[in-house]
Amino acid sequence: MKTTDEEKNGGTIVFERKDGVFKKFCKDALQAPDHKYVFIIDEINRGELSKVFGELFFSIDPGYRGEDGRVKTQYQNLVEKGDEFAEGFYVPKNVYIIGTMNDIDRSVESMDFAMRRRFAFKEITPESRVDMWYDERDELGKKAIKLDELSLCMERLNEAIDKVPGLGSAYHIGPSYFLKLKDCSKEELWDYYLKGLVFEYLRGMPDADKYLKDIKDAYDDKGNKK
């Protein structure tokens, strides 16, 4: 026996337009124009951005925000009357988009320059995020780990990475890796997490084994011992 929906559609499979996450987010923002709404896209450079954003490619530009920047999407005829965006979609002026990215990830292509122009860029350095250690100070303290020693270890490690031709600050190892010390030893952290990462940095380089040893010695603080 057919259901009501099956009878209405003649038993055929149909596609129904539904609001996406971002559109729902923008609708929420319209209800509170005096508040700032921040939409975060993690690892934004992993997608093919021109396809991900589609018609929004221009709409996210600050110069096209608000009702004056309405665009008719390819499915505009399916938007119900009474919908906030029945006459076209736009990004409210109180919506802010933050995209995170690792610009050395070799599995992704360079971010489209047209998309780059629509964002301001800010580098997050390892030193600027050591405050996460303080959030976990009690847990690290149970393993008798001193935060100043962690800081020196990270500093030595990244200084050694800087000495490798072709590498630099973009390849620095951040403080989040060291939070794993809550559950493992310093040697295990190197063996199971850092060594593999550094090896990928050095893959295909001449003298890769030498550089790997130099970085490991810096991690162990052997370079400062006579």
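Further up the page is the structure itself.
Because the structure is predicted, anything quoted here is derived from the model rather than measured.

A. Region of interest: the packing of helix H8 (residues 147-162) against helix H9 (residues 186-202). Remark: H8 packs on H9, axes separated minimally by 13 Å, with the N-to-C direction vectors making an angle of 25 degrees. The angle between the axes of H8 and H9 places the two elements in the roughly parallel class. By crossing handedness, the relation of H8 to H9 is classed as right-handed. Facing Cys153, Arg156, Leu157 and Ile161 of H8, the residues of H9 in contact are Lys186, Trp190, Leu194 and Tyr201. Here the residues of the contact of H8 with H9 are counted per class, giving six nonpolar, no polar and two charged.

B. Up close: the environment of isoleucine 40. As for its position among the elements, isoleucine 40 is in strand S1 (residues 37-41). Along the sequence, isoleucine 40 and glycine 99 sit 59 residues apart, while their C-alpha atoms lie 5.8 Å from each other.

C. Representation of a nonpolar patch on the surface in the model. Where nonpolar side chains cluster on the molecular surface, the patch consists of Val38, Ile40, Tyr96 and Ile98 and spans about 370 Å² of accessible area. Those elements that provide at least two residues to the nonpolar patch are S1 and strand S2 (95-99). One can find valine 38 in strand S1.

D. Fine view of the nonpolar core. One finds Trp133 and Phe178 to be the most contacted residues of the largest nonpolar core, which totals 31 residues. Every element with two or more residues in this core is listed here: helix H6 (131-135), H8, H9 and helix H10 (208-220). For this core, the leading source of residues is H8, giving seven residues. If sequence neighbours within four positions are ignored, tryptophan 133 has contacts with Leu140, Leu147, Leu150, Ser151, Met154, Pro175, Phe178 and Leu179. Core analysis: the second largest hydrophobic core is formed by 20 residues, Phe25, Val91, Ala114 and Met115 among them.

E. Local environment of a negative patch on the surface. Taken together, Glu127, Glu155, Glu159 and Asp162 make up a surface patch of like negative charges. Relative to the helices and strands, aspartate 162 is located in helix H8. Under the relative-accessibility criterion, aspartate 162 is labelled partly exposed at 38%.

Analysis parameters
Residues numbered from 1 in each chain as written. Predicted model: local features only at pLDDT ≥ 70, side-chain atom pairs only at ≥ 80, totals over all residues. Heavy atoms only, no water. Axes fitted to C-alpha atoms, helices over the stretch in contact; angles between N-to-C directions. Helix = DSSP H or I, 4+ residues; strand = E, 2+ residues; numbered from the N terminus. Parallel < 35°, antiparallel > 145°, perpendicular 65-115°, else oblique. Left-handed = near helix turned anticlockwise from the far one by under 90°. Contact = heavy atoms within 4.5 Å. Nonpolar A, V, L, I, M, F, W, Y, C, P; charged D, E, K, R; others polar. Patch = residues over 30% accessible without salt bridge, like charges linked within 9 Å, V, L, I, M, F, W, Y side chains within 5 Å. Areas by Shrake-Rupley, 256 points an atom, 1.4 Å probe, with all protein chains shown as cover. Salt bridge = Lys/Arg side-chain N within 4 Å of Asp/Glu carboxyl O. Core = buried A, V, L, I, M, F, W, Y, C linked by side-chain atoms within 4.5 Å. Buried < 20%, exposed > 50% of the residue type's maximum accessible area, 1.4 Å probe, protein only. Lys, Arg positive; Asp, Glu negative; His and termini not counted. Charge placed at Lys NZ, Arg CZ, Asp CG, Glu CD.

Function-wise, these values are silent; they only describe arrangement.
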